[in-house]
Amino acid sequence: MPPQAEAAARADFSRIRYAQVWEDADVLLEALDVRPGHEVLSIASAGDNALALLARSPRRVVALDLNPAQLYCLELRVAAYRRLEHPELLELLGSTPSDRRLELYRKLRPDLPPAARNFWDSRPGELEAGAASVGRFERFLALFRRAVLPLVQSRETVRALLAGGGDDERLRFYDSRWDGWRWRLAFKLFFSRQVIGRLGRDPAFFRYVEGGVSSRLLGRVRHALTRTDPAENPYLQWVLLGRHATALPFALRPENFQAIRRNLDRLEVRLGSLESFLDRAEPESIDRFNLSDVFEYMSAENARAVLAAAARAGRPGARLAYWNMLVPRRRPAALAGRLRPLGELSRRLHERDKAIFYSDFVVEEVAPALEPIAA
């Protein structure tokens, strides 16, 4: 099966899968080192990281997704940056409490494209709940937060965790107060392949996963709770609270709001597959690639074809960044002449990555073409 058909044929792309981006924009921006004049290709998802890239004033960011519902999430954010002030944006998305989200939506509604306007007009309940809370994955996490977490951790313990602290203090807290047998058992059951596939991610995304799921995710969650400071981790805060408390993702921080707003006209929203876009792209036309976790649902053969296409479309020195969750994907040996791994940078950024669920963060660089690459 060709790569562009693989995801579309096996996964449901008719609904919001992710109402927010669960990938750390801080490490993404450092990895890509986006500069003025750069042409950037980004997987859209819910739009947060495509917008974060605008803060670096590239010439253009093309935000691409197979799922129109994901693009409607991005277009809602774009209209919000145009029409709302920063505190109102946080209210609309659900980062902060609000009883006027429909009123805020009416302020930005005229700026929405017709399809996005029709989509959100038909979902007033989801808008009232906070637009960043209504994806399939966010609902899965809300079920964990409401039904499972109270059985294993008290509110006092959660508050103490989120207060953060020094490295040694966080590790002692995790080992002595958080990591009991109830926590491990509940996590193992709720974050199993079967439960995540039924309630959180599409089962098709596990096609190439080998081995256990929950034990690998638990190791990464332990990293997030001990090696990063929970008081500075917006992704962890949303999992445990359903909102942001003392930290925000890059695109939602007040100091980045105006830079993103100024550059909204440099954003181009595209519906379609990554593979089709790369097939049509001019050689050596793209400087930076945010590939999210697209290889999670691809065979090794199809992943190689996509990386080869990116190498053709990338200018010499172009950078690619992507995450692995459960399926290990990196530049294969066949592309050694065209893609160079930036291993030390990858390792350093992965260690600091506040994203909770990813097992690896990969940064690679396009080398000058030495010979044609077979698709």
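Before going further, it helps to spend a moment on the overall build of the protein. Along the backbone of the protein there are 19 helices and 7 strands. Of all 375 residues assigned to the protein, the portion counted as buried reaches 59%. In the protein, once contacts between residues fewer than 6 apart in sequence are set aside, the share between residues at least 24 apart is 75%. Summed over all atoms, the accessible surface of the protein reaches about 15,700 Å², with 50% contributed by carbon and sulfur.

Next up on the list: the pairing of strand β2 (residues 60-65). Of all the 6 residues making up β2, 5 are buried; the element is thus mostly covered by neighbouring parts of the structure. Bridge count between strand β1 (residues 39-43) and β2: 5 bridges; the pairing is parallel. Its bridge partner lying in β2, Glu39 is registered against Arg60. Read from β1 through helix α3 (residues 48-54) to β2, the crossover connection turns out right-handed. Of the strand pairs in this sheet, β2 and strand β3 (residues 267-271) are connected by 5 bridges, and their pairing is parallel. Along β3, the bridge assignment pairs Asp65 with Leu271.

What follows concerns the confidence of the model for the protein. Model confidence for the protein is summarised by a mean pLDDT of 91, while 89% of its residues fall at 70 or above. Here residues 1-5 is modelled with pLDDT under 50, and outside its nearest four sequence neighbours on either side it reaches 12 contacts, counting other chains as well. Note that residues 371-375 has pLDDT below 50 and, in this model, 11 contacts with residues that lie over four places away or in other chains.

A few words now on the environment of Ala311. On the secondary structure map, Ala311 appears in helix α18 (residues 300-313). Under the relative-accessibility criterion, Ala311 is labelled buried at 0%. Separated by 28 residues in sequence, Ala311 and Leu339 have C-alpha atoms that sit 6.7 Å apart.

One open sheet holds the 7 strands; their spatial order is β3-β2-β1-β4-β5-β7-β6, and the pairing between them is mixed. Of all strands in the sheet, those with a lone pairing partner are β3 and β6 (339-341), marking the two edges. Neighbouring strand axes in the sheet, compared pairwise and without regard to direction, differ in orientation by 20° on average. Two elements, β1 and strand β4 (residues 286-290), share 3 bridges in a ladder whose sense is parallel. Each residue of the ladder has a partner; that of Ser42, found in β4, is Asn290. Sheet strands in contact with helix α4 (residues 68-83) are β2 and β3, and its direction is about 160° off that of β3. Across the sheet, α18 is in contact with β4, β5 (314-324), β6 and β7 (360-366); its angle to β5 comes to roughly 150°.

It is worth spelling out helix α15 (residues 234-241) at this point. Of all 8 residues in α15, 7 are buried; the element is thus mostly enclosed. Within the sequence span of α15, burial applies to Pro234, Tyr235, Leu236, Gln237, Trp238, Val239 and Leu240. Put simply, Asn233 is the residue that caps the front of α15, since its side-chain oxygen is 3.1 Å from the backbone nitrogen of Tyr235. Gly242, located one to two residues past α15, shows a positive phi value of around 80°.

Here we take up the side chain of Asn67. With respect to the helices and strands, Asn67 occurs in the loop between β2 and α4. What makes Asn67 buried here is its relative accessible area of 0%.

For α18, with 14 residues, the first-to-last C-alpha span of 20 Å sits near the 20 Å given by 1.5 Å per residue. Burial of α18 is extensive: 10 of the 14 residues sit out of reach of the surface. All buried positions along α18 are accounted for by Asn302, Ala303, Ala305, Val306, Leu307, Ala308, Ala309, Ala310, Ala311 and Ala313.

Further remarks concern the packing of helix α10 (residues 155-162) against α15. The angle between the axes and the distance between the axes are what describe a pair of packed helices. Interaxial distance between α10 and α15 falls to 11 Å at its minimum, and their mutual angle equals 170°. What the angle tells us is that α10 and α15 run roughly antiparallel. Along its contact with α10, which presents Val158, Leu161 and Leu162, the element α15 presents Leu236, Gln237, Leu240 and Leu241. Of the residues assigned to the contact of α10 with α15, the class counts are 6 nonpolar, 1 polar and no charged.

Centre distance and the angle of the planes are the two values used to describe a pair of aromatic rings. Scanning the entire structure with this criterion turns up 20 aromatic pairs. Centroid distance Phe140 to Phe191: 5.5 Å. Interplanar angle 85°. Geometry classified as edge-to-face. Placement of the pair is Phe140 in helix α9 (residues 136-152) and Phe191 in the loop between α12 (181-190) and α13 (193-200), with a sequence separation of 51 residues. Looking at Phe140, the relative accessible area reads 1%, which means it is buried. Relative to Phe187, the ring of Trp183 lies with its centre 5.5 Å away and its plane at 50°, an arrangement referred to as tilted. Residue Trp183 and its partner Phe187 are located together in helix α12, separated by 4 residues, close to a single helical turn.

Conventions adopted
Counting restarts for each chain: residues are numbered from 1 in the order of the written sequence. Reporting in this predicted model follows two pLDDT cut-offs: at least 70 for local features of residues, and 80 or more for side-chain atom pairs to be given and counted; totals over whole chains, interfaces and linings ignore these cut-offs and use all residues. Values shown for side chains rest on all heavy atoms present in the structure; no hydrogens or waters enter the calculation. The way it works is that DSSP assigns letters per residue, a run of H or I at least four long becomes a helix, a run of E at least two long becomes a strand, and they are numbered from the N terminus. Burial status follows relative accessibility: with a 1.4 Å probe on protein chains alone, a residue under 20% of its type maximum counts as buried, one over 50% as exposed, and anything between as partly exposed. Every residue pair with non-hydrogen atoms within 4.5 Å of one another is taken to be in contact. For the area figures, the Shrake-Rupley method with a 1.4 Å probe applies, and any residue is considered shielded solely by the protein chains shown. A pair of strands counts as paired when DSSP detects no fewer than two bridges linking them. Handedness of a crossover: with both strands directed away from the viewer, a clockwise path from the first strand across the helix to the second marks it as right-handed. Values of pLDDT, which run from 0 to 100, indicate the predictor's confidence residue by residue. Axis angles are defined between N-to-C directions and span 0 to 180 degrees, where every axis is a line fitted to C-alpha atoms and, for a helix, only to the segment in contact. Residues adjacent in sequence count toward polar contacts only when both atoms are side-chain atoms; beyond that, a polar contact is any pair of N or O atoms within 3.5 Å, and within protein one must be able to donate a hydrogen and the other to accept it. Multiplying 1.5 Å by the helix residue count minus one yields the expected span of that helix. Note on angle classes: values under 35 degrees are labelled roughly parallel, values over 145 roughly antiparallel, values of 65 to 115 roughly perpendicular, and the remainder oblique. Any residue outside Ala, Val, Leu, Ile, Met, Phe, Trp, Tyr, Cys, Pro, Asp, Glu, Lys and Arg is labelled polar, Gly included; the first ten of those are nonpolar and the last four are charged. Any two of the Phe, Tyr and Trp rings considered here, Trp counted by its six-membered ring, make a pair once their centres fall within 6.5 Å; the pair's planes then place it as stacked at under 30 degrees, edge-to-face at over 60, or tilted in between.

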